[in-house]
Amino acid sequence: MAKHLARIHGTEEDKVNCPFYFKIGACRHSDRCSRLHHRPAFSPTILIKHVYRHPVRVMELEQALHGGANKGGKPRIDKVKAFEDFLVFYEDMFLELSKFGRIDELHICDNLGDHMIGHVYCKYFNEEDASDAMQVMNGRFYDGHKMEVEFSPVTDFREARCRDFDEESCSRGGFCSLLHAKPVPTCPIRSRDAESERERRPGAAVGALHSVWDAGRGRRWAIAEGVKDAHHLAYKV
C-alpha cells in the first residue's frame with residue numbers, strides 16, 4: 001500500500017493531493033479545489049505571484065479603460081517593446097534575487113490563466129537562500145505592485161513545463177494548465193549570473209557593474225508604496 005501511495009502521489013490517480021499544485025505550485029480552483037494543496041514549510045524554490053505585467057493583459061486593461069479602436073478583437077501589441085520590457089523585468093528580478101544566493105533557475109510565466117498570470121519562479125541551489133529571499137521579498141513593492149511570495153513545491157521544472165510550448169506547438173495557448181516559461185536568450189543569463197557572482201564577493205566594488213537600467217531599477221523597487229527601498233540602496237557603492 002505504501003509503495004502504491006508513493007507511486008501515485010501528485011498524479012491524476014491521486015484522489016487526495018492536487019496534481020496541478022504538486023507540479024506547478026498553482027491550481028485554477030485555488031482554495032476551492034477538492035484535493036489538498038500541501039504548501040511546503042521549506043523549499044529551494046520561491047514563487048512571486050502575479051508580479052510580471054503580461055503585455056496581453058496590460059493591453060486588454062487599457063482597451064477596457066479607454067475604449068480602444070480594436071475593441072472586441074485581439075489586443076495589438078508592439079512585440080519589440082514587449083520583449084524589451086520583459087528583458088528589463090527579467091534583469092531586475094535576476095539581479096535582486098541573486099543577492100540572496102546563487103540561482104539555479106528563474107522562470108517568468110507566460111500563461112494567461114488567472115491562477116498563473118505574472119508568476120515568477122526562482123529556484124536556488126541552497127534552501128537557506130530561498131528562505132532568506134522569501135522573508136525579505138514578501139511584502140516589498142515592485143513597480144507599484146506589492147509582492148506576495150511563498151515557498152513553491154516545484155523543484156523539477158521538467159515536470160512543470162509544457163513540452164508543447166517549448167516546441168512552439170501548444171494548442172491550448174496561454175490558458176494551458178502547465179507552465180509556459182518565457183524563453184530568455186542565453187547570453188543575458190550568463191552575463192547576469194557572472195555579475196551577481198561578483199557582487200556577492202565580500203568587498204566587491206559593485207558600482208561599476210550595474211547596467212544602464214540601474215537608475216530605473218532603483219525607482220521600481222520599494223519596501224512600501226512611495227517609500228524608497230533601503231534594501232536596494234544598501235547594495236550600492
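Each value, and the rule that gives it
Residues numbered from 1 in each chain as written. Predicted model: local features only at pLDDT ≥ 70, side-chain atom pairs only at ≥ 80, totals over all residues. Heavy atoms only, no water. Helix = DSSP H or I, 4+ residues; strand = E, 2+ residues; numbered from the N terminus. Polar contact = N/O pair within 3.5 Å; in protein donor to acceptor, adjacent residues only side chain to side chain. Contact = heavy atoms within 4.5 Å. Pairing = 2+ DSSP bridges. Axes fitted to C-alpha atoms, helices over the stretch in contact; angles between N-to-C directions. Buried < 20%, exposed > 50% of the residue type's maximum accessible area, 1.4 Å probe, protein only. Expected span 1.5 Å × (residues − 1).

*Asks:* Outline the side chain of Asp 110, supporting the account with residue identities and numerical values.
*Replies:* Relative to the assigned elements, Asp 110 resides in the loop between strand S2 (103–108) and strand S3 (120–124). At a separation of 3.3 Å, a polar atom in the side chain of Asp 110 contacts the side chain of Lys 182. Not counting chain neighbours up to four residues away, the residues in contact with Asp 110 comprise His 54, Phe 165, His 180 and Lys 182.

*Asks:* Explain the sheet that holds S3 residue by residue, including any values.
*Replies:* Taken in spatial order, the four strands make up an open sheet running S2-S3-S1-S6, and their pairing is antiparallel. In the strand order of this sheet, the two ends are held by S2 and strand S6 (148–151), each with one partner. The sheet shows a mean angle of 15 degrees between the axes of neighbouring strands, taken without regard to direction. In terms of strand pairing, S2 meets S3 through five bridges, oriented antiparallel. In the strand pairing of S3, His 107 is matched with Tyr 121. Seen against the sheet, helix H4 (residues 79–97) touches strand S1 (45–49), S2 and S3 and runs at an angle of roughly 150 degrees to S2. Contacting S1, S3 and S6, helix H5 (residues 127–137) crosses the sheet at an angle of about 155 degrees to S6.

*Asks:* Kindly report on the pairing of S3, identifying the contributing residues and their values.
*Replies:* With five of its five residues buried, S3 lies for the most part within the structure. The alternating pattern of S3 places Val 120, Cys 122 and Tyr 124 and Tyr 121 and Lys 123 on opposite faces, both of which are buried. Of the pairings in the sheet, the one linking S1 to S3 comprises four bridges and is antiparallel in character. When the bridges of S3 are listed, Ile 48 appears paired with Val 120.

*Asks:* How would you explain H4 if you had to name every residue and give the values?
*Replies:* For H4, which comprises 19 residues, the first-to-last C-alpha distance of 26 Å matches the rise-based estimate of 27 Å (1.5 Å per residue) to within 8%. All buried positions along H4 are accounted for by Ala 82, Phe 86, Val 88, Phe 89, Tyr 90, Glu 91, Asp 92, Met 93, Phe 94, Leu 95, Glu 96 and Leu 97. Two or three places before Val 80, at the opening of H4, Asp 78 has a side-chain oxygen 3.2 Å from that residue's backbone nitrogen.

Shape is all these values report; function is a separate question.
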